[in-house]
Structures are given as C-alpha cells and as structure tokens.
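This is what each chain is made of:
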Amino acid sequence: MITTGTVLDDIIAGVREDLALRRAVVDDARIRELAAAASPARDAHAALVGDGTTLGLIAEVKRASPSKGHLGAIEDPAALAEIYAGAGAGAVSVLTEQRRFHGSLADLDAVRARIDTPVLRKDFVVDPYQVLEARAHGADLVLLIVAALTDAELADLHALVSALGMQALVEAHTAEEIERALRLPARLIGVNARDLRTLDVDLDRAAGLLASIPADRFAVAESAVAGVEDVRAYAAAGADGVLVGEALVTSGDPAATARAFASVPRTGRPAPTTPTLPTDGERR
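Calculation rules
- Residues numbered from 1 in each chain as written.
- Predicted model: local features only at pLDDT ≥ 70, side-chain atom pairs only at ≥ 80, totals over all residues.
- Heavy atoms only, no water.
- Helix = DSSP H or I, 4+ residues; strand = E, 2+ residues; numbered from the N terminus.
- Buried < 20%, exposed > 50% of the residue type's maximum accessible area, 1.4 Å probe, protein only.
- Polar contact = N/O pair within 3.5 Å; in protein donor to acceptor, adjacent residues only side chain to side chain.
- Contact = heavy atoms within 4.5 Å.
- Pairing = 2+ DSSP bridges.
- Axes fitted to C-alpha atoms, helices over the stretch in contact; angles between N-to-C directions.
- pLDDT = per-residue confidence, 0-100.
- Salt bridge = Lys/Arg side-chain N within 4 Å of Asp/Glu carboxyl O.

1. Structural notes on the side chain of aspartate 127
Part 1 of the reasoning: Its location among the elements puts aspartate 127 in the loop between strand 5 (119-122) and helix 6 (128-136).
Part 2 of the reasoning: Residue classification places aspartate 127 among the buried residues on the basis of a relative accessible area of 15%.
Part 3 of the reasoning: Reaching out from aspartate 127, the side chain makes a polar contact with the backbone nitrogen of tyrosine 129 at a distance of 2.8 Å.
Part 4 of the reasoning: Other than its neighbours up to four places away in sequence, aspartate 127 contacts Leu19, Arg23 and Leu157.

2. Some remarks on the sheet that holds strand 10 (residues 241-244)
Part 1 of the reasoning: Spatial strand order, 1-4-5-6-7-8-9-10: eight strands in a closed barrel with parallel pairing. Between one strand axis and the next, the sheet turns by 25° as a mean value, whatever way the strands run.
Part 2 of the reasoning: Relative to strand 10, strand 9 (residues 218-222) is paired through three bridges, and the arrangement is parallel. Note that in strand 10 the partner of glutamate 222 across the bridge is leucine 243.

3. Regarding the confidence of the model for the protein chain
Part 1 of the reasoning: Of the residues in the protein chain, 92% reach a pLDDT of 70 or more, and the chain-wide mean stands at 91.
Part 2 of the reasoning: Across residues 279-284 the pLDDT falls below 50, and counting only partners more than four positions away or on other chains, this stretch makes nine contacts in the model.

4. Some points on the pattern of salt bridges
Part 1 of the reasoning: According to the stated counting rule, one finds 22 salt bridges in the structure shown.
Part 2 of the reasoning: Across the salt bridge formed by arginine 23 and aspartate 127, the nearest N and O atoms sit 3.1 Å from each other. One end of the pair, arginine 23, is in helix 1 (residues 7-25); the other, aspartate 127, is in the loop between strand 5 and helix 6, with 104 residues separating them in the sequence.
Part 3 of the reasoning: Two residues, glutamate 33 and arginine 30, come together in a salt bridge whose shortest N-O distance is 2.9 Å. With glutamate 33 and arginine 30 both in helix 2 (residues 28-37) and three residues apart, the pair spans about one turn of that helix.
Part 4 of the reasoning: Looking at arginine 30, the relative accessible area reads 41%, which means it is partly exposed.
Part 5 of the reasoning: One salt-bridge network, held together by shared partners, links Arg22, Arg121, Asp123 and Glu133.

Okay, here's the thing in structure tokens:
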C-alpha cells in the first residue's frame, strides 16, 4: 500500500473527499443503474494494437499536472479529442481528477458524446464506485495505479472493470509493481517514468521495465514525452503504445503532433499476441 506523506497520498486524500461529495448526490444504487444502462464499452486493446506496425497512441485531454501546473485552457475538450481521433489516436484519455489536474466528469461526458474512439477515464481509482462511475459516463478503459492499491484491491477493481465490459490500463513504476500488475488478467500494462510519490522521472528505469513486459501484454509508456524522438526511444525500449498529454496540449499543433506520434513504428519487440492471462486461481 502507499506510504503516508507522499504526493500520491495527498492526491488520493483529495480524490476521496471529492468522491464523497459526488456519492452524496448519486448514491451507490443509482450509479449501478446508470452503469448498467450505458452503451457497451468499445475494445480499447484492439484499437490500440491496430495493424501491429505502429505504436498505439493514447492522446490525453490534460489541462494541468502536479509537476508542471497549468498546461492549457482547453475550452472545448471534445473538439481536442476529435482532433486526436482524426490524427490516428487509438484511444483518448480524459483526466477527471479536479484538484491537481483540473479535470472533470463533464469533460469525459463531452468527449464521449463527440467521438467513437475508445476513451480512458484517467483518475486515481481507489473505490469501486469510481469504476461504476466511469462506465456510467461512457468510459471504455479505466486506469488502475498499482502504487495506490493493495493486491486485493487491484484484483477486485480489475474484476469489476472486466465485469462491466471495460478494460484496465494497469500502471506500474517499479519492477515489483510490474510483477504485481502481471498477476492480473490485464492486457494493457502501463510503465510510468514518473514516480507519483515524488514526481521524479527516471527514463532509464522506464526503458528497463518496458523490456521486461511479456510480449503477450500490451506495454504502454507513460510520461516524459517532449517530442517524437522520445516516442521513438520508447518504441525501441519495447513499448507497444504511448500515453501522451503535455506534449500534445502544448505543441501548438495537436493534430500534426498526434499524427507524428501515431506514425512511429513499433520496433522494440514483436506485435502483441493473444494474451495468455492468469486465471482467477493463479492470481489469488
């Protein structure tokens, strides 16, 4: 479980407070009804794999971050998402954490209403309510951060994500977290170059971890992308896909930048195969 006093701890404390306020308005029974009534989730894994020749791009609608502060106003998140989808993004990530990232579920709703591309709800998910909430608002993909959860919490949240027809991007930052992530039947494994406890970035660590992910999983590189050369470096290290926010939002030409990122060849290892995933008994 997370250690007290970290940046991640502070973020999650705020997430829990904000969650309690939303839950007071829409209770658990109602959010389950809304999740059940949502249109079926799209297959994010298939969209990101594509034809297997280029990296899968998860392009992010991102207004701010704890490390960089304000990035951009993004007055029309749906229009930006439409640009990303048109430029070849396999999925669009929408930040919904409001205190540090200035995101919202309203942004998720707007993006979902505009594009058919799979959508990731990117937040600090620590409660089943948030998974139901993601489905109720049309998300196809949910971020689960290994550093924020126990093994039991990871397994339970992943099981709920799957039961609702969605997929999880399971994010790790260390070798131990990669091992924990791989115990889950998750197709998408994220490697974050940024340590969410301190906000420090270690690209060498990220490259090594990408190389350690089995070829039957889809490895997603996250953080520290400034330009297309960084995306190529991640591909060479073994990434199958890349999640990028800041470089797209601040580029001045998100369409051209997204198109360049989505065109980078997958070079580090063979295209992902059908996963040989652990069974419930194997991961318990």
